[in-house]
Amino acid sequence: AIIIKFPNSSQLLTFLRKLKKWVDNLTVGETILLPLLVENKELLIIVSRTAGQTYKFVLVNTDPLAGLAYHPVSSSITTKKLKYKTCLVFDNIPKQQALCEVFLSSLYNLTIHNHKFDTDKFYDILIPFLTGKPLESSLVEMENNQDEEIEDLGWRTPQRSSTAYVRAILHAIRYLLIDMNVSKNQCKRLSLELRSEFLTFLQNDLMYMHPDNNGQRIARLACQQISYAAVKF
């Protein structure tokens, strides 16, 4: 939030020093969520320490009109839906690369400076710099190493509007649950509980303010969505 409010080199350097320390201090099995903006689109990077000298980076992107063009996509004739691998897993990242100041500074320069084609630079240059191989090679490795059950759970419906600030978090939570061997049924249950909690917040707000037309529309959509999710579950 600080580097977005004060987008200058001094704030960026201060943030990067803290970020490098956070990542370096992760113990084996610990995870940290890194927020990121690329062309003003919200992304998340899940960083986990898998061993003393290696990390796992998971890129979470839910925008079908931006970075998801680089993610694997699958179509279904029965549901008439396009589903994406919204979470890309880059495993066995050496500590030297994970803590590389060139990579981290380039990564968060995308947040404080918005340029056209930054999304292309992110996928075509920064990700290969982190992994040490072309993105295409990483995608092939993911496909070959993926467990069949996790593979089924990995395909997700992208956001239908500009809601990455929420959708990316939900997809990140789902990935973390799957990574902890939580069942598909339990993942859906938690998703329903979260929707219910959001609706409780909305109900509380309505006790103190009367919504305008747009607010009423959002309230109706929220009720419809939780009803749909409950019936589907």
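Above this text is the structure in question.
Residues numbered from 1 in each chain as written. Predicted model: local features only at pLDDT ≥ 70, side-chain atom pairs only at ≥ 80, totals over all residues. Heavy atoms only, no water.

Draft legend 1. Main features of the packing of aromatic side chains. Enumeration over the complete set of coordinates arrives at 5 aromatic pairs. Ring centres 4.6 Å apart and planes at 0° place the aromatic pair Tyr70 and Tyr123 in the stacked group. Of this pair, Tyr70 sits in the loop between strand 3 (54-60) and strand 4 (73-76) while Tyr123 sits in helix 5 (residues 118-131), and the two are 53 residues apart along the sequence. Tyr123 sits in the buried class, given a relative accessible area of 1%. A ring pair is formed by Phe122 and Tyr123, whose centres lie 5.1 Å apart and whose planes are at 90°; its orientation type is edge-to-face. Connected via pairs of aromatic rings, a cluster forms that spans Phe15, Trp22 and Tyr108. Its end group placed over the ring of Trp155, Lys85 keeps NZ or CZ at 4.5 Å from the ring centre. (Phe/Tyr/Trp six-rings, centres within 6.5 Å; stacked < 30°, edge-to-face > 60°. Helix = DSSP H or I, 4+ residues; strand = E, 2+ residues; numbered from the N terminus. Buried < 20%, exposed > 50% of the residue type's maximum accessible area, 1.4 Å probe, protein only. Lys NZ or Arg CZ within 6 Å of the ring centre and 35° of its normal.)

Draft legend 2. Expanded view of the packing of helix 4 (residues 101-112) against helix 5. Direction vectors running N to C along helix 4 and helix 5 enclose 165°, while the axes themselves pass 11 Å from each other. Classified by the interaxial angle, the pair formed by helix 4 and helix 5 is roughly antiparallel. Handedness of the crossing formed by helix 4 with helix 5: left-handed. In this structure, helix 4 uses Val102, Phe103, Ser106, Leu107 and Leu110 to contact helix 5, whose residues at the interface are Asp118, Phe122, Leu126, Phe129 and Leu130. Of the residues in the contact of helix 4 with helix 5, the class split is 8 nonpolar, 1 polar and 1 charged. (Axes fitted to C-alpha atoms, helices over the stretch in contact; angles between N-to-C directions. Parallel < 35°, antiparallel > 145°, perpendicular 65-115°, else oblique. Left-handed = near helix turned anticlockwise from the far one by under 90°. Contact = heavy atoms within 4.5 Å. Nonpolar A, V, L, I, M, F, W, Y, C, P; charged D, E, K, R; others polar.)

Draft legend 3. Expanded view of the sheet that holds strand 3. Spatially, 1-2-3-6 is the arrangement adopted by the 4 strands of the open sheet, whose pairing is antiparallel. Edge strands, defined here as strands with exactly one partner in the open sheet, are strand 1 (31-38) and strand 6 (87-94). Each adjacent strand pair in this sheet contributes to an overall mean axis angle of 25°, direction not counted. Contacts from helix 2 (residues 9-24) reach strand 1, strand 2 (41-51) and strand 3, with the element oriented near 40° to strand 2. (Pairing = 2+ DSSP bridges.)

Draft legend 4. How the structure looks around the pattern of salt bridges. Under the defined criterion, the tally for this structure stands at 6 salt bridges. Between Lys133 and Glu141 there is a salt bridge, and its shortest N-O distance comes to 3.0 Å. For Lys133, a relative accessible area of 27% translates into the label partly exposed. (Salt bridge = Lys/Arg side-chain N within 4 Å of Asp/Glu carboxyl O.)

Draft legend 5. Region of the structure containing the sheet that holds strand 4. Sheet architecture is open: 3 strands sit in the order 4-5-7, paired in antiparallel fashion. Where the open sheet ends on each side, the last strands, each with one partner, are strand 4 and strand 7 (155-156). Summarising the sheet, strand 4 and strand 5 (residues 81-85) pair through 4 bridges and their orientation is antiparallel. When the sheet's bridge partners are listed, Ser76 is paired in strand 5 with Lys81.

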